[in-house]
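Take a look at the letters that make up each chain.
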Amino acid sequence: MNNLKSSGFTCWLTGLSGAGKSTLGIEITKALEELSVPCEYLDGDVIRTNLSKGLGFSREDRNTNVARVGFVCGLLNKHGINTIVALISPYRDAREQLKLQIPNFIEIFVDTPLDVCIKRDIKGLYKKALAGEIAEFTGISSPYEQPLNPDITLKTHKESVSQCVETVINYLQRQGKI
Ligand SMILES: Nc1ncnc2c1ncn2[C@@H]1O[C@H](COP(=O)(O)OS(=O)(=O)O)[C@@H](OP(=O)(O)O)[C@H]1O
Ligand SMILES: Nc1ncnc2c1ncn2[C@@H]1O[C@H](COP(=O)(O)OP(=O)(O)O)[C@@H](O)[C@H]1O
């Protein structure tokens, strides 16, 4: 079983809170399902209520979170289930580890400027973080290390959701992944 060749891929969406990771993760998953491509969507918020329950937002805990999700992706990919992940995953070293661990890893940088995320403030978290009510908040009091060489960059402040989804689907088709 362990020497099965990996046949699935992982689309890993990284970016600030409010960048658009979940919105795009859900829509990319829907688009793939419409093409009859088997996939599983893994969202940071959901993961933190089960697989990573109890973890906080220190560098160590975030990297543990990322490594756990990466491990699950590796297992699913090995059996032909593609994975779409939406996790802030702010540290470059943890993301680099994923590239070594997951054979068909596609790093997607949801490149939305901090000021746009602050304006969106979907969950009201930036307001709290800026008021000092949330410690270690990404972009405010905790770092976000941008990918240096992502496979795909999505600029959600310039492109619509459907344009971003199309960019990802076109990439997967060009690469022969779907
Ligand atoms: N301190 C701090 N910093 C960043 N985010 C915070 C924090 N506290 C709570 N939240 C909420 O947790 C969501 C991010 O969880 P992730 O698992 O994606 O983060 S990480 O990859 O482990 O860094 C994140 O969800 P998104 O807004 O969807 O990114 C927030 O809702
Ligand atoms: N091109 C786009 N892609 C993704 N989200 C967008 C885009 N344009 C506007 N938005 C909006 O930005 C917000 C992103 O929120 P969300 O997907 O929860 O971000 P994250 O999961 O990164 O925290 C949503 O309200 C979404 O409608």
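Remember, it's a predicted structure, so these values are computed and weren't measured experimentally.

Student: In this structure, what is going on with the site of ligand 1? I would like to understand it.
Tutor: What surrounds ligand 1 is a group of 20 residues, the closest being S17, R48, N65, S89 and E136. Between ligand 1 and the protein, one listed contact pairs an oxygen atom with a side-chain N or O atom of S17 at 2.5 Å. Between ligand 1 and K123, the relevant distance is 2.9 Å, taken from an oxygen atom to a side-chain nitrogen or oxygen of the residue. In isolation ligand 1 exposes 640 Å². Once the protein is present, 90% of that is buried. Those elements giving two or more residues to the shell around ligand 1 turn out to be α2 (44–47) and α3 (59–78). Class assignment for the residues of the shell around ligand 1 results in eight nonpolar, six polar and six charged.

Student: What should I look at first to understand the packing of aromatic side chains in this one?
Tutor: Given two aromatic rings, one states the distance between the centres and the angle between the planes to describe the pair. Scanning the model with the defined rule gives three aromatic pairs in all. Between W12 and F105 the ring centres are 5.9 Å apart and the planes differ by 45 degrees, which places this aromatic pair in the tilted class. In this pair, W12 is assigned in strand β1 (residues 10–14) and F105 in strand β4 (residues 105–110), connecting sequence segments 93 residues apart. F105 carries the same exposure label as W12, and that label is buried. Between F109 and Y144, the aromatic rings sit 6.1 Å apart at their centres with planes inclined by 20 degrees, giving stacked as the arrangement.

Student: It is not clear to me how the site of ligand 2 should be interpreted in this structure. Could you clarify?
Tutor: The local shell around ligand 2 holds 16 residues, among which G18, K21, S22, T23 and E159 are the closest. The fraction of the free accessible surface of ligand 2 (570 Å²) that becomes covered by protein chains is 77%. Top element by residues in the shell around ligand 2 is helix α1 (residues 21–34). It accounts for four residues. Of the residues that constitute the shell around ligand 2, the class distribution is six nonpolar, seven polar and three charged.

Student: Just checking my understanding: could you explain the packing of α3 against helix α4 (residues 92–101) for this structure?
Tutor: Two quantities define a packed helix pair, namely the angle between the helix axes and the distance between the axes. Two elements in contact, α3 and α4, have axes whose closest approach is 10 Å; the angle formed by their N-to-C orientations is 20 degrees. The angle between α3 and α4 falls in the class roughly parallel. Here α3 and α4 pass one another in a crossing that is right-handed. Across the interface between the two elements, R59, N63, V66, A67, G70 and F71 from α3 touch D93, A94, L98 and Q101 from α4.

Rules behind the numbers
Residues numbered from 1 in each chain as written. Chains lettered and ligands numbered in written order. Predicted model: local features only at pLDDT ≥ 70, side-chain atom pairs only at ≥ 80, totals over all residues. Heavy atoms only, no water. Near = heavy atom within 4 Å. Polar contact = N/O pair within 3.5 Å; in protein donor to acceptor, adjacent residues only side chain to side chain. Areas by Shrake-Rupley, 256 points an atom, 1.4 Å probe, with all protein chains shown as cover. Helix = DSSP H or I, 4+ residues; strand = E, 2+ residues; numbered from the N terminus. Nonpolar A, V, L, I, M, F, W, Y, C, P; charged D, E, K, R; others polar. Phe/Tyr/Trp six-rings, centres within 6.5 Å; stacked < 30°, edge-to-face > 60°. Buried < 20%, exposed > 50% of the residue type's maximum accessible area, 1.4 Å probe, protein only. Axes fitted to C-alpha atoms, helices over the stretch in contact; angles between N-to-C directions. Parallel < 35°, antiparallel > 145°, perpendicular 65-115°, else oblique. Left-handed = near helix turned anticlockwise from the far one by under 90°. Contact = heavy atoms within 4.5 Å.

Scope: geometric values only; no functional claims are made or implied.
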